[in-house]
Amino acid sequence: MMKYNQLIAVTLFVSAIGLGSCKEQSKESKEEKQTTAATEGRKEYYEVAPNVKLHVTDLGNGPAVVLIHGYPLSDASWEYQYHALVKAGYRAIGITLRGFGQSDKPFGKYDYDQFADDIKSVLDQMDIKDAVIGGHSMGGAIVLHYVAKYKGAHIKKLGLFSAAAPRHTKTADYPYPLFTKDDISQWVALNNSDRPALLAAVGAKFALTPSSLSPGIGQWLYSIELQSSAYAMEQALISLRDEDLRADLAKIKVPTLIMHAKDDHIVAYALAQQMNKGIVGSKLVTFDKSGHASFLEEKDKFSEELIKFIKE
């Protein structure tokens, strides 16, 4: 009997050690998972072609909102929209086009087809579904072309913000833009001879008045612009000058929000009106206290209107 009791005692002791060990391992495993979750970051670069990676800002959780920057900025320019979207419960995704910001700057094509293909590749890789996609200025033209070309792949709504669309220069049968082809050709020449002078010329027209943006915001934008490749800036300007997306308007079959300032000195308000007529069911929201930079000059109204549109 003594031996039997001793055997039971030893068995219980060994079991206790085993249970303690399992609990300790379980605790360690839980702590390890928590540490991994706390330190794991989201992917920032997506390869869209051999040796071409695009920088992506990916913040927040919830339904996805994809933002494409204007010329010659980057995904960093959406800083204040990121804050508003994340607070409202959305996943904010900013994609920097090739040639700009922290994205790769290869030699090659910088037309709207190429930009649309790059966006499609990123959204494919991220497995984005039912997103709202929006773009500012040249980025607006690009997202318009993306939705038309890919029949709304990955997205359910479209936002056009001070969009340089459906074309940025006048023709005999399209008098609405502010600039002629010769005007933009002069900017191309300035880019290739004195790029800071080009940025100053564009910057002078960017806001409603010289004091609409603080000096600090102006310096911040200038620092983003200087990250761009001179070659990409040249080629993108040529696309802005020559591309014509009028045929794309009838191909847009998703709810569309157009936000545009009446006194935009870079993209005429008349273009917003033409897009509103050409895109069935689109909604035009007018800004009265800003120029081409409504997303900064009237950022609260901009974010409120965007979030209201997302929720509709």
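This write-up is about the structure you can find in this document. (Residues numbered from 1 in each chain as written. Predicted model: local features only at pLDDT ≥ 70, side-chain atom pairs only at ≥ 80, totals over all residues. Heavy atoms only, no water.)

### What to know about the overall build of the chain
Thought 1: For the chain, the helix and strand inventory stands at 11 helices and eight strands.
Thought 2: Within the chain, the proportion of its 312 residues that are buried is 50%. (Helix = DSSP H or I, 4+ residues; strand = E, 2+ residues; numbered from the N terminus. Buried < 20%, exposed > 50% of the residue type's maximum accessible area, 1.4 Å probe, protein only.)

### Structural notes on the pattern of salt bridges
It is possible for side chains of opposite charge to pair when their charged atoms get near one another.
Thought 1: If you walk through the whole model with that rule in mind, you get 15 salt bridges.
Thought 2: Between Asp 244 and Arg 246 there is a salt bridge, with its nearest N and O atoms 2.7 Å apart.
Thought 3: Exposure remark for Asp 244: the relative accessible area of 34% places this residue in the partly exposed category.
Thought 4: Here the salt bridges do not stand alone but share partners, grouping Arg 167, Asp 173, Asp 244 and Arg 246 into one network. (Salt bridge = Lys/Arg side-chain N within 4 Å of Asp/Glu carboxyl O.)

### Side note on the packing of aromatic side chains
What characterises a pair of aromatic rings is the spacing of the ring centres plus the angle enclosed by the ring planes.
Thought 1: Taken as a whole and assessed by the stated rule, the structure comprises 14 aromatic pairs.
Thought 2: Plain terms: the ring middles of Phe 161 and Phe 302 are 5.0 Å apart, the flat faces sit at 75° to each other, and that makes the pair edge-to-face. Here Phe 161 is found in strand 6 (residues 155–161), whereas its partner Phe 302 is found in helix 11 (residues 299–311), with 141 residues between them in sequence. In terms of burial, Phe 161 and Phe 302 fall into one category: buried.
Thought 3: By way of ring pairs, the aromatic residues Trp 78, Phe 161, Phe 287, Phe 295 and Phe 302 are connected into one cluster.
Thought 4: The ring of Tyr 80 has Lys 299 lying over it, and the distance from NZ or CZ to the ring centre is 5.4 Å. (Phe/Tyr/Trp six-rings, centres within 6.5 Å; stacked < 30°, edge-to-face > 60°. Lys NZ or Arg CZ within 6 Å of the ring centre and 35° of its normal.)

### Things to note about the pairing of strand 3 (residues 64–68)
Thought 1: Counting buried residues along strand 3, five of its five residues qualify, which places the element largely inside the surrounding structure.
Thought 2: Across the two faces of strand 3 the burial is the same, with Ala 64, Val 66 and Ile 68 and Val 65 and Leu 67 all buried.
Thought 3: Here strand 3 runs beside strand 4 (residues 91–95); their pairing, made up of five bridges, is parallel. Its bridge partner lying in strand 4, Leu 67 is registered against Gly 94.
Thought 4: Handedness of the β-α-β unit built from strand 3, helix 2 (residues 79–87) and strand 4 comes out right-handed.
Thought 5: In this sheet, strand 5 (residues 131–136) lies alongside strand 3 in parallel orientation, the contact comprising four bridges. Across the sheet, residue Val 65 finds its bridge partner in strand 5, namely Val 132. (Pairing = 2+ DSSP bridges. Right-handed = clockwise from strand over helix to strand, strands pointing away.)

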